[in-house]
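Examining the three-dimensional arrangement
Given next are the chains, with one letter for each unit.
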Amino acid sequence: FIDLAGPKPTPAKYFETFVKFAKEPKNAVKPEHLGGHLIRALSAREKWGAEERKLLLDFLQALDSVQQRRAWLDAVIAHPHAEFVMPIIETLKKCPADDTHLRQAAKIALRNCLVVTPDNFAKLIGTDEKTDLLLAEALLGARSAGGASKLVAIVKARDLPAPMLAAAAEFVGR
């Protein structure tokens, strides 16, 4: 963290070295001992590019604890991108209903991704009911003209539950 705050932040390739080291079974490093710290350090970087996004997606493949997944979502909240939309949707689909903190973090991450890249997820609309409901819920929090038009597309593709339909109508009408 100290190095990241300096005038010349640590190159992303150093994070990749740590990830490779942690994945080697002979090194006896449990992913939970290294993953959360690395993800949080990576998310502290001011600017992200393709390298950082690739690393974060690599981390996702190795995550096996709720704390690591939460750290992953916190990083996505801070650095949203279209590449993260499907992994977030999958996380929400698998998230236990009683894990309200993980679910809320995932919803915020999805909303942020939809705000910065609204046109990249239009192809997901109408694919399946669960995805449409998750997208609609995230779009209700986005509050943008682009979000409203995508919400209309979801309403046309799917019957939404009455409370969500009422919220969508109010949002689009404004």
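The present account deals with the structure reproduced in this document. (Residues numbered from 1 in each chain as written. Predicted model: local features only at pLDDT ≥ 70, side-chain atom pairs only at ≥ 80, totals over all residues. Heavy atoms only, no water.)

The next point concerns the side chain of Arg 103. Checked against the element boundaries, Arg 103 lands in helix H6 (residues 100–116). For the buried Arg 103, which has no salt bridge, the nearest side chain bearing the opposite charge is Glu 137, at an N-O separation of 6.2 Å. Setting aside residues up to four positions removed in sequence, Arg 103 forms contacts with Leu 92, Cys 95, Pro 96 and Ala 97. (Helix = DSSP H or I, 4+ residues; strand = E, 2+ residues; numbered from the N terminus. Buried < 20%, exposed > 50% of the residue type's maximum accessible area, 1.4 Å probe, protein only. Lys, Arg positive; Asp, Glu negative; His and termini not counted. Salt bridge = Lys/Arg side-chain N within 4 Å of Asp/Glu carboxyl O. Contact = heavy atoms within 4.5 Å.)

This part takes up the environment of Glu 16. By the element assignment, Glu 16 lies in helix H1 (residues 12–23). Given the relative accessible area of 28%, Glu 16 is considered partly exposed. With 40 residues separating them along the chain, Glu 16 and Leu 56 place their C-alpha atoms 9.8 Å apart.

Here we take up the pattern of salt bridges. A complete count under the given rule lists 8 salt bridges for this structure. Notably, a salt bridge pairs Lys 54 with Asp 58, separated by 3.2 Å at the nearest N-O pair. Placement of the pair is Lys 54 and Asp 58 together in helix H3 (residues 50–62), with a separation of 4 residues, close to one helical turn. Overall, Lys 54 belongs to the partly exposed group, its relative accessible area being 46%. For Asp 58, a relative accessible area of 24% translates into the label partly exposed. The salt bridge involving Lys 93 is made with Glu 90; its shortest N-O contact spans 4.0 Å.

Look at helix H5 (residues 85–94) against helix H7 (residues 129–142): their axes get within 11 Å of each other, and the N-to-C directions meet at 105 degrees. As summarised for this structure, H5 and H7 are arranged roughly perpendicular, according to the angle between their axes. Facing H5, whose interface residues are Ile 89, Leu 92 and Lys 93, H7 presents Lys 130, Thr 131, Leu 134 and Leu 135. Residues of the contact of H5 with H7, tallied by class, amount to 4 nonpolar, 1 polar and 2 charged. (Axes fitted to C-alpha atoms, helices over the stretch in contact; angles between N-to-C directions. Parallel < 35°, antiparallel > 145°, perpendicular 65-115°, else oblique. Nonpolar A, V, L, I, M, F, W, Y, C, P; charged D, E, K, R; others polar.)

Below, the discussion takes up the environment of Leu 73. Mapped onto the elements, Leu 73 comes out in helix H4 (residues 66–78). The spatial distance from the C-alpha of Leu 73 to the C-alpha of Leu 60 is 9.6 Å, given a sequence separation of 13 residues. Setting aside residues no more than four positions away along its own chain, Leu 73 makes contact with Ile 88, Thr 91, Leu 102, Ala 105, Ala 106 and Ala 109.

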